[in-house]
Amino acid sequence: MRAQPTTPPRLGDGSSPLGRGASAARRPWLRPLAAAGAALLALALLGPVAMVAVGKRSAAACLASIEAPRGPALPDCRPEIRWFALPSRLPWTDKAASAHAEELGVRAAVAEYTDAAVGRPARAALASATAALDTIESMVAAGSRRITFDALGPACGAPRLGREAAKLGDRRTLLEQPDRWPDWHVRVHALRAALAEGDLPRALAIASGYAGMDPRDEDLRTTTGAILCLGNSAEANRGVELLTLNQNDRASKRHAGMARNWGEIRAVLVACAARAGVEPPPTPEAPEAGVADAVEARLAQRARLAAAIAGPGAAEAKQRALRAIRDLLGSAAALAPGARRDLLAVVLAEDDAIDAAEAAALALPEAEGDEPATEEEGAAVIGAAGAAPAGVAPALRAGSPLAIDWLPERGLARPAVAGSLRARAAARAAELAAAPRLSPPERDALRAAAGALALDAARELALEGDAPAAIDALDRLGALAPELAPDAARALARSSAWLLAGDRDRALDLIERVDLAAAPPSLRAGVLLQRAELLASRGRRLDAARAAVLADEESAARSGPARGAPGARPGLDLLDVRARWTRLALARPPEAAPLRQGSPPAALPADLSAAWPWVGFASLDAPWTRADQPALSRALAAWSAARDAPPTTRRALRYAALRRRGDAPPALVPYAALAAQLLGDGEGDAEVWLDAFLAIDAARFSLRHYTFARAEAARWRGDDSSAAAWQRRHDALRAVAADPTRAEIARHLGL
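Residues numbered from 1 in each chain as written. Predicted model: local features only at pLDDT ≥ 70, side-chain atom pairs only at ≥ 80, totals over all residues. Heavy atoms only, no water.

Novice: So what exactly am I meant to see when it comes to the environment of Gly 225 here?
Specialist: Among the secondary structure elements, Gly 225 is positioned in helix α10 (residues 218-228). C-alpha of Gly 225 to C-alpha of Asn 237: the two residues are twelve residues apart in sequence and 9.2 Å apart in space. Not counting chain neighbours up to four residues away, the residues in contact with Gly 225 comprise Gly 239, Leu 242 and Leu 243. (Helix = DSSP H or I, 4+ residues; strand = E, 2+ residues; numbered from the N terminus. Contact = heavy atoms within 4.5 Å.)

Novice: Just checking my understanding: could you explain helix α11 (residues 233-252) for this structure?
Specialist: Because an α-helix packs 3.6 residues into every turn, residues spaced three or four apart end up facing the same way. Here α11 is 20 residues long and its end C-alpha atoms lie 28 Å apart, about the 28 Å a rise of 1.5 Å per residue gives. Taken together, the buried positions of α11 are occupied by Glu 235, Ala 236, Gly 239, Val 240, Leu 242, Leu 243, Thr 244, Asn 246, Gln 247, Asp 249, Arg 250 and Ala 251. Buried positions along α11 lie against α9 (200-212), α10 and α12 (263-276). Among the residues of α11, the N-terminal cap falls to Asn 232, whose side-chain oxygen and the backbone nitrogen of Ala 234 are separated by 3.2 Å. (Expected span 1.5 Å × (residues − 1). Buried < 20%, exposed > 50% of the residue type's maximum accessible area, 1.4 Å probe, protein only. Polar contact = N/O pair within 3.5 Å; in protein donor to acceptor, adjacent residues only side chain to side chain.)

Novice: Which parts of the structure should I look at to understand the environment of Ala 333?
Specialist: Among the secondary structure elements, Ala 333 is positioned in the loop between α14 (314-330) and α15 (337-350). With residues near it in sequence (within four places) discarded, Ala 333 still touches Leu 328 and Arg 340.

Novice: How do you make sense of a nonpolar patch on the surface when you look at a structure like this?
Specialist: A surface patch of nonpolar side chains, about 380 Å² in accessible area, is lined by Leu 45, Leu 46, Val 49 and Trp 92. Note that Trp 92 resides in the loop between α3 (82-85) and α4 (94-115). (Patch = residues over 30% accessible without salt bridge, like charges linked within 9 Å, V, L, I, M, F, W, Y side chains within 5 Å. Areas by Shrake-Rupley, 256 points an atom, 1.4 Å probe, with all protein chains shown as cover. Salt bridge = Lys/Arg side-chain N within 4 Å of Asp/Glu carboxyl O.)

Novice: Help me understand the packing of aromatic side chains, please; the structure alone is not making it clear to me.
Specialist: Each aromatic ring pair is specified by the distance between its two centres and by the angle formed by the two planes. Tallying each qualifying case throughout the model produces eight aromatic pairs. With a centroid separation of 6.3 Å and an interplanar angle of 65 degrees, the aromatic rings of Trp 581 and Phe 617 are classed as edge-to-face. With a gap of 36 residues between them, Trp 581 in helix α25 (residues 574-586) and Phe 617 in the loop between α25 and α26 (631-643) connect regions that are remote in the sequence. Judged by relative accessible area, which is 1%, Trp 581 ranks as buried. Here Trp 581 and Tyr 671 contribute two aromatic rings whose centre-to-centre distance is 5.5 Å and whose plane-to-plane angle is 85 degrees, an arrangement assigned as edge-to-face. (Phe/Tyr/Trp six-rings, centres within 6.5 Å; stacked < 30°, edge-to-face > 60°.)

Novice: What is the right way to look at the state of the cysteines in this model?
Specialist: Two cysteines joined by a covalent bond between their sulfur atoms form a disulfide. In the structure shown here, the tally under the stated rule is two disulfides. Between Cys 62 and Cys 77 runs a disulfide, and the two sulfur atoms are separated by 2.0 Å. Because the torsion about its S-S bond is -95 degrees, the bridge between Cys 62 and Cys 77 counts as left-handed. Here Cys 77 lies in the loop between α2 (30-65) and α3 and Cys 62 lies in helix α2, a separation of 15 residues in the sequence. Two residues, Cys 229 and Cys 272, share a disulfide whose sulfurs are 2.0 Å apart. Taking the sign of the torsion about the S-S bond as the criterion, the disulfide between Cys 229 and Cys 272, at about -90 degrees, is left-handed. Placement of the pair is Cys 229 in the loop between α10 and α11 and Cys 272 in helix α12, with a sequence separation of 43 residues. Cys 272 matches Cys 229 in its accessibility class, with the two residues each being buried. Ordinal numbering of bonded cysteines along the chain defines a disulfide pattern of 1-2, 3-4. (Disulfide = S-S within 2.5 Å.)

Novice: Help me understand the pattern of salt bridges, please; the structure alone is not making it clear to me.
Specialist: Opposite charge on two side chains permits pairing when their charged atoms draw close. Enumeration according to the criterion identifies 60 salt bridges in this entry. The salt bridge involving Arg 476 is made with Asp 472; its shortest N-O contact spans 3.0 Å. Residue Arg 476 and its partner Asp 472 are both found in helix α20 (residues 467-477); the two are separated by four residues, about one turn of the helix. Residue classification places Asp 472 among the partly exposed residues on the basis of a relative accessible area of 38%. For Asp 505, the salt bridge is made with Arg 538, and the minimal N-O distance between the two is 3.0 Å. Placement of the pair is Asp 505 in helix α22 (residues 504-512) and Arg 538 in the loop between α23 (521-537) and α24 (541-557), with a sequence separation of 33 residues. The exposure class of Asp 505 is partly exposed, given its relative accessible area of 46%. Residue classification places Arg 538 among the partly exposed residues on the basis of a relative accessible area of 37%. Counted as one network, the salt bridges with shared partners bring together Arg 171, Glu 197, Glu 687, Asp 691, Arg 710, Arg 717, Asp 719 and Arg 729.

Novice: Could you clarify how one ought to interpret empty space enclosed by the protein in this entry?
Specialist: Any empty space left between the atoms is revealed when a probe the size of a water molecule rolls over them. Under the counting rule described, the total for this entry stands at four cavities of 30 Å³ or more. Counted as a void, the largest cavity has a volume near 140 Å³. Considering the residues around the largest cavity, the lining is formed by 14 residues, among which Trp 612, Pro 613, Trp 639, Asp 663 and Tyr 671 are closest to the centre. Among the residues forming the lining of the largest cavity, the class breakdown is eleven nonpolar, no polar and three charged. Put simply, the second largest cavity is a space of about 70 Å³. For the second largest cavity, the full set of lining residues is Ala 403, Ile 404, Leu 499, Gln 530, Glu 533, Val 669, Phe 708 and Glu 712. Every element with two or more residues in the lining of the second largest cavity is listed here: α17 (403-406), α23 and α30 (703-716). (1 Å grid on protein atoms, 1.4 Å probe; cavity = no way out; pocket = protein on both sides within 12 Å on 5 of 7 lines; lining within 4 Å. Points joined across faces, edges and corners; volume = space filled by probe spheres on them. Nonpolar A, V, L, I, M, F, W, Y, C, P; charged D, E, K, R; others polar.)

Structural data, given as structure tokens:
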């Protein structure tokens, strides 16, 4: 067996272990080169990922600094996009980098717009910021079409200029191009913005445009139709068509087991048809969903329309309407005291055939003896000199003579009854009270009705702008109301009439001449409170602060479970709440202490986003109505500390307040005045800031209440130009609401 020949390894060719070691020894750079190559490869692959992560943190921190304590300059976060420039060109980081870059652009544009209303409010800056927001909205719509952004901060929706304008109360933007807004709720805001401006022609023009688009959303269709009903007959005809659709839909359709009542829509529809000169459509037969509510308002409307017609059958139609009201008043149906007085006023003024005994029976039905007091008849009544006569129902007690309680509310919870008709009803009740053969309870009931109706007449006439007629109603019949027996109470009511009619000098003169020595504590507190408000509106700030402190001390000194008036629910004390807010808004150290003795110390938490405790003023059953709950005291203490904070902190607090809107107390004037104090001299336009701050709360108040409060708040801070502008808007709305043919429409629209 022959051995096979083998080839010996050659040194240096790397084919032997010895050769390979020698080769590596002669080339030491291979391993570092390999390591460097691997590092470069890792860097190339992972570097963009790291850039995205760093950029995300950096951008988020910059955006968070916008709402943190800072100087007046808005942090410019757009340069942070540099972190996403390269990664957006690489396939493995393109998606995340592009998404973050887009979100940064969206949040920066929204921040610039918000800063122009909150950080450093300025009307010109707000107008210029709309262009950037409009551009970024178009880019998102044409690009990713994302609906949510949540990587660089709290989740937010896709940018929508109209939505942001509605959130910040930017009426100029909403009204500039109303037809471009696709969202129905933004269109409703645009219509309300025109009404808030007191510009009815513009509101009608916008509503006509929306009506031509055949709106499908129910609330937009209702608002559009109701505004058209304020116009000429052709516009009212179109309004009838839109409202008829809503009436029938509410009567027949349920949505997810929910139905909406249609009685208020029916009242607006009937008023609209009368303005259009057409017959209203029939009421739905056998409705299967919502019901016909707002019965009291529709009955009063029916009587008014019947009294206005002429020709055959007019007298019979009027009697049928009055008979329906008498039947409701005489039934055991539970009626709110205010609504009962309204219907009683219609009967007394329009039914010449009613005698004293029948009127007394309607004024004091047996079923009402134990009727509980409502907010209006309990918490708001402040002028009681003593209890009302035995057996007098809450509906026959006079209401509050404070001007703030006379401002109108939204909706048709109560019938729309003109002031002149109420005055005639009061005179008729006083006349019937003098009739022979009445029992003492019947006589007391009619006398109390006369006094309560006189105060109602004064309130309505003052809201219509007719102060002399309001004063006349008070002077002739106010003494019949036990709550208005003291001279101070009648002086307060007269002052309220002049204040709402626009003559603040005369209103203040009446208040300053009042002798409070014999007045009960509640009445003293009310007089001092209104005196403080009037002094502030006339620029006498030091005197206003002293009066506000005295009013608050009088309110705090009151005792008893009701702390306001006969029958009031424990803890529910609107006068006390208003006194505390007014004191805080007007009193400043060292001249006066802004907080009541025993209040929590004025201090801010370390986390400014938690500076504003939620009080819950939108609900009468919220914590603020219970004496054992500290929410109100903590809120007042926070406001006191906030306005005395340095400018950088106040700026952050304004942003924090923007997140807690919707909690305005039932004292809108001092609340707006106090919010304006979060801006120091030279820090921005208070009107722009208040538009944003009150944008959500405004929907809880009537537009006349809102415009009145904004005008008064401007007077308190000495801004005569803004006060005049808001007063013009208020007067324009009052002219619309005072028209009897538009009364139900105006109330439904919240005028």
